[in-house]
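Okay, here's what each chain looks like letter by letter:
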Amino acid sequence: MANQQSSSSVGLKELDLGIGGCLTVSQLAVPHEKLPCFSNATQLRDVAEQLCLKGLTAAVIFSPDGVPRGLVTEDDILQLYLQGAPWDITVGEMCGNGSEANATSSTPRRPCYDLPGFASISHDHLIPEALQLVTPLPGASVRGLSHLLVERACGYGGGVISPLDLVQAFADHRLAMRSGDDDTTALDIMEPLQHAPCLNYDCTMQKMVRELLAYPGRAVIMSSKTGLKGLATVRDALRGFYQQAARSKNAWEMVAMRPGSSTLQQHVISSAASIRDAATMMVSTPTGASACLRDLIVVRADTTEVIGILTPLHLVHALAAKPTSSLNIAATRQLKNKAMEVHPSNPRKRRRHETPIKLRPITIADLVVLRDHPICTTSQTLSDAAHSLVDSGRTACLVVSGQGEVQGVFTENDLLAALVEGTMGNLAIEKWLRGGNARLPGFLVPALTLPATSSLAEAAVEMTAVAEEYPGFACHHLLVCQSSSDSSGHEKQIKILSALDIAMGLIDAVAVQTAGSDAGAAGNAAVETAAMTVQHAMKERCDVSCCRMTDTLDEAFRTMFDSHQNCVLVESESESSHAAQPSRDAHGVPAKSRVVDVITSNDAILVLAARQTNKDAQGSSIAGWLEKSASVRKTIGDRAIVADAHLFDAARAMALSESHHLMVLAAPGSEEITGVISALDVVCALGANYRFDLVEL
């Protein structure tokens, strides 16, 4: 009876075995024993090689006593490749298990199954329910995308299900669509060519990996001036990683070297082919290759005209009876480009800067001298870093070796990740920086370091590019290289530049520009950005995660971490709706909900520091935390701004309150919160304006 209710509640076409009867998850799951198995001490390169050669999408992490502890997916490896992780990074370091001792321990500090992003289902549930979980909504970009953990006994011993597993079952006739639906063709479910991701064949590996991660189907068309050349796949990126191909390497060189299936011909299928034929072709292995094709190019029937692409995820969407809308959400990821238009109201007529004005253009060197940052050594712990950030009021500290060499930056986002993962505060910062969740590890230091003479707009462009290149994993900090002369000669000094520093610098940049200094396009971009309204740059309330007063802090931090945001709105418990489909207002939020406070990543700093001395902070409710920390936290009133205010006003409010986030009110005197604007939103607006102005020039 329970199974029948589950099936009907999903409301899907019934999938059945050829002999009748509903198929359960346990009958389709791939057991752990059939997946490659590795320990925490294994180098990730070795995992990448096995996944690539065997055509698999995930591997199991086992403890020395043979207990499965988690999964490594192809997405994990691609994300680290994109970030420029060390070639010798281990599975344990990727999962944050740190030291050699932890890497070989039979009870690792944090099982990788507990990482955000993995969905799970009981082994006795029906396949229609699994299909709903394996097919994420367009735009999903989380660890474990499309991998479903199967629960059995008190763990995940039931195995794993991926889209490719479902395609294999469909090709083997273990799954069948409802009678009458077998006439569905490749044309009906493909990604149209105009929506499919496409790159020039002379692009870099870095750009190819970024596009693969941005597209849920995990395939990208490669083209040249003469036409389409091939299809780049996840396996090309995996080969690049285990062969240590530089991110600057030409991507087509890697695609062209793919054994047995680099050309378009190997991947071509007619638009008139049935989806059963498409499934069979996806799981077939071409001559000379070691793994199945997986991704297909669709040509118009009886022609050679390419009209789309087809991936396992498209086919699974069809099995799940989901709409065949495009998986490509690149257009929706644009940075509100049209919102960067200049508005007529000009802050130069409304504000006078109170400090003496330097008529030379503002550089980032002028910003980093105003606010110092703490410094930690690699041997210090996460707890030490948290206390340093609390004492300094900053959101990041510079990490140096015993010899004073910069090894990376430890940020509030690192602390948030540590809290979510349950990482102990006594873990050495050096170990954390080698892990997969470090926001600015040593290998990113050169790429994210700017000369001190850079303009505010140039820094904004760089930070915006990082936010676009690493969606959901962006660092809100850059490094500034200064030089100073002393008795020993010329010495470099490294300072931290935060998104808040840039937002605050907008005030000075506008004042200098309007006072007569000519900073060119950079100065014009600052004025244009300052004149924009908050409404054009903010995040709508429906796009910001929420929690309730009775939720625990850990739940709030996990929500924040999962949503890749640095804040979560706290709603009044008495007015929060628990209905299955609550009524919603014009902003897409429950009509009766009222925001009473906000939890930010700064709370993560305070909490981690407090938990070292106050065990009661562990698992405390949001209401309890807000009461205990009232003396050190800012109220909504301290960080509120109206929607029609200008970004100049927002930057000024952030400077006065030293807040990275402002609550956006519908109107003066209103208590209705319509969105949130962060310092990074202001930075991205400035970066977009500057890039647009350069193009116009």
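Located above this text is the structure these notes cover.
Residues numbered from 1 in each chain as written. Predicted model: local features only at pLDDT ≥ 70, side-chain atom pairs only at ≥ 80, totals over all residues. Heavy atoms only, no water.

Novice: Summarise the overall build of the protein; cite the residues concerned and give the values.
Specialist: A count of helical and extended segments in the protein gives 28 helices and 27 strands. Counting across all 697 residues of the protein, residues that qualify as buried make up 56%. When contacts within the protein are restricted to residue pairs at least 6 apart in sequence, those whose partners lie at least 24 apart make up 69%. By element, 50% of the accessible surface of the protein is carried by carbon and sulfur atoms, the whole surface being about 28500 Å². (Helix = DSSP H or I, 4+ residues; strand = E, 2+ residues; numbered from the N terminus. Buried < 20%, exposed > 50% of the residue type's maximum accessible area, 1.4 Å probe, protein only. Contact = heavy atoms within 4.5 Å. Areas by Shrake-Rupley, 256 points an atom, 1.4 Å probe, with all protein chains shown as cover.)

Novice: Kindly report on the sheet that holds strand 26 (residues 661-665), identifying the contributing residues and their values.
Specialist: Sheets are built from strands paired through backbone hydrogen bonds, the pairs being either parallel or antiparallel. Strand order in this open sheet of four strands is 21-27-26-25, and the pairing throughout is mixed. Since the sheet does not close on itself, it has two edges, and those belong to strand 21 (539-540) and strand 25 (640-642), each with one partner. Of the pairings in the sheet, the one linking strand 21 to strand 27 (residues 673-678) comprises two bridges and is antiparallel in character. Bridge pairing in strand 27 links K539 to V676. (Pairing = 2+ DSSP bridges.)

Novice: An account of the environment of S657 is needed here, citing residue identities and associated values.
Specialist: Within the secondary structure, S657 is located in helix 27 (residues 647-657). Relative accessible area serves as the criterion here: at 12%, S657 is assigned to the buried category. S657 has contacts with K634, D638 and L662, leaving out every residue within four places of it along the chain. A polar contact of 2.8 Å, which involves the side chain of S657, links it to the backbone oxygen of A653. (Polar contact = N/O pair within 3.5 Å; in protein donor to acceptor, adjacent residues only side chain to side chain.)

Novice: How would you sum up the nonpolar core? Please name residues and give values.
Specialist: Within the largest apolar cluster, 78 residues are counted, with the highest numbers of intra-cluster contacts made by I502, V534 and I677. Ranked by residue count, the leading element in this core is helix 21 (residues 499-514), at 10 residues. Contact partners of I502, with chain neighbours within four places excluded, come to L367, L456, A459, A460, M463, L497, V683 and L686. (Core = buried A, V, L, I, M, F, W, Y, C linked by side-chain atoms within 4.5 Å.)

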